[in-house]
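So the chains spell out like this:
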Amino acid sequence: MAFVPLAAVAQPQPSLALNPEALRRAIAWLAAAHIALIIASNYLVQIPFTLGGVHTTWGAFTFPLVFVLTDLTVRVLGPQVARRVVAWVMLPALLASYVVSVLFFEGAFAGWAALAAFNAFVFRIALASFMAYVVGQLTDIGVFARLRRLPQWWVAPAASTVVGSLIDTFVFFSVAFWRSSDAFMAEHWVEIALVDYATKLAFSLVALLPLYGAALRALLRRLPAAPAVRMA
């Protein structure tokens, strides 16, 4: 079986040029994957658990996968395509965030009738999710694009995740809970945001960074641009 050494992943690779139809399909699939992860994360963020004495949610482990997808998109297809994916996703993500949060308020299914009444509290959280996604992803793309040519393959995804996740977390919690009607969250959102960021960052660097390397190696082995990479 063809194998792309991890060292080869570090070498600067040109963005893959797809024909217009193939590019539209790729963007559609990537957008669908982003929306699916956002929907899952909006539900799972309502399910807390304790890990090593730290209170967190399952959403902290699913949403960072969006950054992996974005980084792979920038590396293989270029930053312009990655920004097009964000543009496709942001409005559907706002709608999906609101609908999922209303239907599964506090983790329990509230019934379809819940959609009949506008929920201002949930809409604020959905708006926060929308803003955090857009700002966080564009920041991630900008950082990754600047560092993608460095010889160390891990620098760009690590740095973009550190910065992008920080922006994403701060924007979400500040927009959602600063002076919120929820007195507890209004008082403790900074502390909760710091724990959430630390959890996402640790998971991303320990588990998702190797996943990025493995996924990129697999893509380079299969995509048309792969012949430019030495294969054994």
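Look up: the structure comes first, before these words.
Residues numbered from 1 in each chain as written. Predicted model: local features only at pLDDT ≥ 70, side-chain atom pairs only at ≥ 80, totals over all residues. Heavy atoms only, no water.

A. Spotlight on helix α8 (residues 183–222). Its maximal kink placed at Trp189, α8 deviates by approximately 65 degrees. Of the residues that open α8, the one with a side-chain oxygen 3.1 Å from the backbone nitrogen of Phe184 is Asp182. (Bend = angle between axes of the 7 residues up to and from the residue. Helix = DSSP H or I, 4+ residues; strand = E, 2+ residues; numbered from the N terminus. Polar contact = N/O pair within 3.5 Å; in protein donor to acceptor, adjacent residues only side chain to side chain.)

B. Spatial organisation of the environment of Tyr98. Tracing the backbone through its elements, the reader meets Tyr98 in helix α5 (residues 79–103). The class for Tyr98 is buried, based on a relative accessible area of 12%. Each residue touching Tyr98, except ones within four places of it in the same chain, is listed here: Ala117, Phe118, Asn119, Val122, Phe123 and Ala126. (Buried < 20%, exposed > 50% of the residue type's maximum accessible area, 1.4 Å probe, protein only. Contact = heavy atoms within 4.5 Å.)

C. Representation of the nonpolar core in the model. Membership of the largest hydrophobic core comes to 39 residues, with the highest contact counts inside it found for Ile38, Phe63, Leu77, Val89, Tyr133, Tyr212 and Leu216. Elements with a minimum of two residues in this core: α2 (20–44), α4 (64–77), α5, α6 (120–147), α7 (155–177) and α8. Per-element accounting of this core gives the leading share, nine residues, to α5. The residues touching Val89, leaving out its near neighbours within four places in the chain, are Ala31, His34, Ile35, Ile38 and Tyr133. (Core = buried A, V, L, I, M, F, W, Y, C linked by side-chain atoms within 4.5 Å.)

D. Main features of α2. Compared with an ideal rise of 1.5 Å per residue, which puts 25 residues at 36 Å, α2 spans 36 Å between its outermost C-alpha atoms and is within 8% of the ideal. By the burial criterion, the buried members of α2 are Ala22, Leu23, Ala26, Ile27, Leu30, Ala31, His34, Leu37, Ile38, Ser41 and Asn42. Its buried side turned inward, α2 meets α3 (59–62), α4, α5 and α6. At the N-terminal boundary of α2, the capping side chain belongs to Asn19, with an oxygen 3.1 Å from the backbone nitrogen of Glu21. (Expected span 1.5 Å × (residues − 1).)

E. The environment of Leu194, seen in detail. One can find Leu194 in helix α8. Residues Leu194 and Thr169, 25 residues apart in the sequence, show an inter-C-alpha distance of 8.3 Å.

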